[in-house]
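Here is how the chains run, residue by residue.
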Amino acid sequence: MNIIRRLRRQFILLATLAIVIIVVGALGLINLMGYYGMRAHCLDTMTYITQNGGSLPSRIRGGDNSFWNSQFGTTWPEDTPESPYLIRYFSIRLDSENRITGANVKNIVAFSEEQAVEFARTALNASSDVGFLQKNKARYGYMRTATADGGTLIVILDCTREFSDVHAFMSYSMWFGLICILLYVLIFAILSNRAIAPFVRNLENQKRFITNASHELKTPLAIISVNAEAMEMMNGKNQWTEGILKQVRRMSGLISHLILLSKAGETTKAQLNKVPFDLAKLLAQSREDFELLAEGQHKKLTITCPPDAIVKTDEKFLTEIIHILLDNAVKYCDDDGTISIHVEKGKKKDSLLVSVSNDYKDGAHVDYSRFFERFYRNDESHNSKKAGYGIGLSIAKELSGLLSIPLSVTYRDGRISFNLLLKTK
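Values in this document were obtained by computation on a predicted structure and should not be read as measured data. (Residues numbered from 1 in each chain as written. Predicted model: local features only at pLDDT ≥ 70, side-chain atom pairs only at ≥ 80, totals over all residues. Heavy atoms only, no water.)

## Here's the deal with the overall build of the chain
In terms of helices and strands, the chain carries 10 helices and 12 strands. Every one of the 425 residues in the chain was classed for burial, and the buried ones make up 40%. Taking the contacts inside the chain whose residues are at least 6 apart along the sequence as the reference set, 64% of them involve residues at least 24 apart. Total accessible area on the chain is roughly 24800 Å²; 57% of this is exposed by carbon and sulfur atoms. (Helix = DSSP H or I, 4+ residues; strand = E, 2+ residues; numbered from the N terminus. Buried < 20%, exposed > 50% of the residue type's maximum accessible area, 1.4 Å probe, protein only. Contact = heavy atoms within 4.5 Å. Areas by Shrake-Rupley, 256 points an atom, 1.4 Å probe, with all protein chains shown as cover.)

Structure (structure tokens):
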């Protein structure tokens with residue numbers, strides 16, 4: 001059933017959206033924390049080198065760890081005997097005139113002294129005192145500090161390994177998150193039928209009840225109709241028999257619509273008979289069916305359709321949609337108004353736009369988003385003068401969805417239009 005498939009798809013879509021938000025949010029937060037942790041670690045290292053005058057002291061000197069521990073504590077991850085030999089950096093000193101007064105490049109091999117000075121000047125001209133620069137594929141952190149003699153100390157730290165670790169973790173986490181999402185969707189899709197099984201049973205029971213009740217109601221309605229007509233034949237027409245027959249016709253129409261809605265829900269796309277046919281002929285026949293009704297209410301019905309309008313869809317269901325839209329248009333058209341069917345080329349290739357419109361001066365403040373809800377009728381039309389039960393448009397929407405035909409409603413310049421986009425191939 002179409003409604004079950006739509007419900008299952010929406011159920012899976014919402015569940016997928018929820019897990020995507022959770023996974024992306026969690027992994028994004030973890031990666032963000034990892035990046036800022038790496039950044040803080042690089043800044044701490046550069047701060048330590050700066051505080052030591054631009055060089056990193058060896059921790060092995062006499063086993064004295066007091067300076068390292070006083071700066072970072074015993075839990076600092078670089079607090080190992082090999083740490084000073086693993087950290088790659090250089091420092092440049094400048095005087096108050098930005099002239100080079102000293103360079104320490106013995107702890108890095110990627111830069112000669114001239115290259116280090118040139119790179120340091122890039123850091124000197126940077127807008128921030130602390131940041132990161134890139135050279136080829138390598139990433140370097142820099143820290144620019146004013147010295148007591150009015151000069152400047154620039155420390156450049158090789159952070160390539162740290163950035164590489166962050167990028168690698170980000171890549172692994174993205175693949176991990178994607179795999180988790182795909183596995184979740186797969187498992188959820190398999191188990192979704194079980195999740196919506198109670199709803200499916202209730203819906204099937206509801207449709208079975210509607211079908212059975214509709215057929216059962218037809219018999220007493222037929223008897224009431226025959227008796228009312230017999231009373232008219234014997235006693236002549238009067239307000240009582242006319243009222244009875246009017247309500248019988250109304251109930252018969254409601255029953256027919258309920259049966260059609262139930263059948264539409266059970267019809268699959270594989271059962272549709274989509275073949276090319278003449279749309280102009282269909283609309284001409286529909287005009288004949290509704291023209292007398294419109295003229296009886298002093299309303300005008302017009303059709304504008306190219307003679308070569310050929311569409312490919314299920315003719316029976318499309319006819320039902322057009323009839324529902326025409327019935328709605330005649331019913332709610334203003335007195336002495338015009339109902340029109342207009343066909344033109346659609347914006348999409350190989351398509352035709354069919355618009356069923358009518359004058360509706362009171363439609364400026366109507367909530368059109370609810371027009372296709374079952375049994376919805378706005379307050380102004382909810383009276384005995386406009387007979388109806390608020391189910392016709394929902395049936396049209398159900399049938400258009402079954403045929404994969406977009407159905408929309410618009411209101412402009414005092415006219416309401418229902419628009420169908422039909423395929424020609």
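## As for the pairing of strand β10 (residues 351-359)
Most of β10 is tucked away, with 7 of its 9 residues classed as buried. Where strand β9 (residues 338-345) lies against β10, 7 bridges are found, and the strand directions are antiparallel. Following the sheet pairing, Ile339 is matched in β10 by Asn358. As consecutive antiparallel partners, β9 and β10 are separated by 5 residues, and within that stretch Asp350 has a phi angle of approximately 55 degrees, a positive value. (Pairing = 2+ DSSP bridges.)

## Thoughts on the confidence of the model for the chain
Here the chain shows a mean pLDDT of 83. Residues at 70 or above account for 87%. For the chain, the element scoring lowest by mean pLDDT is helix α2 (residues 66-72), at 49; strand β5 (residues 152-158) scores highest, at 95. Note that residues 70-77 has pLDDT below 50 and, in this model, 12 contacts with residues that lie over four places away or in other chains. (pLDDT = per-residue confidence, 0-100.)

## Brief notes about the environment of Ser369
Among the secondary structure elements, Ser369 is positioned in the loop between β10 and α10 (392-402). Overall, Ser369 belongs to the exposed group, its relative accessible area being 61%. Taking the C-alpha atoms as reference, Ser369 lies 9.5 Å from Ser408; in sequence the two are 39 residues apart.

## Quick look at the pattern of salt bridges
Per the stated rule, a full pass over the model turns up 6 salt bridges. For Asp327, the salt bridge identified is with Lys331, shortest N-O distance 3.4 Å. Placement of the pair is Asp327 and Lys331 together in helix α9 (residues 315-332), with a separation of 4 residues, close to one helical turn. Judged by relative accessible area, Asp327 falls into the partly exposed class, the value being 31%. Judged by its relative accessible area of 22%, Lys331 falls in the partly exposed class. (Salt bridge = Lys/Arg side-chain N within 4 Å of Asp/Glu carboxyl O.)

## A look at the packing of aromatic side chains
Ring pairs (aromatic) are described by centroid distance and by the angle formed between their planes. Per the counting criterion, the structure on display carries 10 aromatic pairs. The interplanar angle of 50 degrees and the centroid separation of 5.2 Å between the aromatic rings of Phe11 and Phe188 together place this pair among those described as tilted. Of this pair, Phe11 sits in helix α1 (residues 2-51) while Phe188 sits in helix α5 (residues 160-195), placing them 177 residues apart in sequence. Judged by centre distance (5.4 Å) and plane angle (75 degrees), the ring pair of Tyr35 and Tyr36 falls under edge-to-face. Here Tyr36 falls in the partly exposed class, since its relative accessible area comes to 48%. (Phe/Tyr/Trp six-rings, centres within 6.5 Å; stacked < 30°, edge-to-face > 60°.)

## Thoughts on the sheet that holds strand β11 (residues 407-412)
As summarised here, the arrangement of the 5 strands in space is β7-β9-β10-β12-β11, forming an open sheet in which the pairing is mixed. Bordering the open sheet on either side are β7 (300-304) and β11, each of which pairs with just one other strand. The mean inter-strand angle of the sheet, taken between neighbouring strand axes irrespective of direction, is 20 degrees. (Axes fitted to C-alpha atoms, helices over the stretch in contact; angles between N-to-C directions.)

## Remarks on the environment of His365
Among the secondary structure elements, His365 is positioned in the loop between β10 and α10. Expressed as a C-alpha distance, the spacing of His365 and Tyr411, which sit 46 residues apart in the sequence, is 9.9 Å.

## Observations concerning a positive patch on the surface
On the surface, Lys274, Lys312, Lys348 and Lys423 cluster together into a patch of positive charge. Structurally, Lys423 is set in strand β12 (residues 415-423). (Patch = residues over 30% accessible without salt bridge, like charges linked within 9 Å, V, L, I, M, F, W, Y side chains within 5 Å. Lys, Arg positive; Asp, Glu negative; His and termini not counted. Charge placed at Lys NZ, Arg CZ, Asp CG, Glu CD.)

## Regarding helix α6 (residues 197-235)
When the terminal C-alpha atoms of α6 are compared, their 56 Å separation across 39 residues agrees well with the 57 Å that a helix rising 1.5 Å per residue should span. Three or more residues of α6 are buried, namely Val200, Leu203, Lys207, Ser214, Leu221, Ser225, Ala228 and Glu232. Gly236 occupies a position one or two residues after α6 and carries a positive phi of about 85 degrees. (Expected span 1.5 Å × (residues − 1).)

## Some thoughts on the nonpolar core
Counting 48 residues, the largest nonpolar core has Leu279, Leu318, Phe418 and Leu420 as the members making the most contacts within it. Listing elements by their share of this core, those giving two or more residues are α7 (239-266), α8 (279-296), α9, β9, β10, α10, β11 and β12. A total of 9 residues in this core trace back to one element, the largest contributor, which is α9. For Phe418, the contacting residues outside a window of four places in its chain are Leu325, Asn328, Val354, Ser355, Val356, Phe371, Phe372, Leu393, Leu407, Ser408 and Val409. Residues Ile92, Ile108, Ala116 and Ile154 belong to the second largest nonpolar core, which totals 19 residues. (Core = buried A, V, L, I, M, F, W, Y, C linked by side-chain atoms within 4.5 Å.)

## Section: the side chain of Ser286
Following the sequence through the fold, Ser286 ends up in helix α8. With relative accessibility at 1%, the residue Ser286 sits in the buried group. Here His323 takes part through its side chain, which lies 3.4 Å from a polar atom of the side chain of Ser286. Setting aside its immediate chain neighbours within four residues, Ser286 contacts Ile322, His323 and Leu326. (Polar contact = N/O pair within 3.5 Å; in protein donor to acceptor, adjacent residues only side chain to side chain.)

## Some remarks on the packing of α8 against α9
Taken N-terminus to C-terminus, the directions of α8 and α9 make an angle of 35 degrees; their axes are 10 Å apart at the nearest point. Crossing handedness for the pair α8 and α9: right-handed. Residues Leu279, Leu282, Leu283, Ser286, Asp289, Phe290, Leu293 and Ala294 of α8 pack against Glu315, Leu318, Thr319, Ile322, His323, Leu326, Asp327 and Val330 of α9. Residues of the contact of α8 with α9, tallied by class, amount to 10 nonpolar, 3 polar and 3 charged. (Left-handed = near helix turned anticlockwise from the far one by under 90°. Nonpolar A, V, L, I, M, F, W, Y, C, P; charged D, E, K, R; others polar.)

## Let's talk about α10
Where burial is concerned, most of α10 is hidden: 9 out of the 11 residues are buried. Taken together, the buried positions of α10 are occupied by Gly392, Leu393, Ser394, Ile395, Ala396, Glu398, Leu399, Ser400 and Leu402. Ser404, located one to two residues past α10, shows a positive phi value of around 60 degrees.

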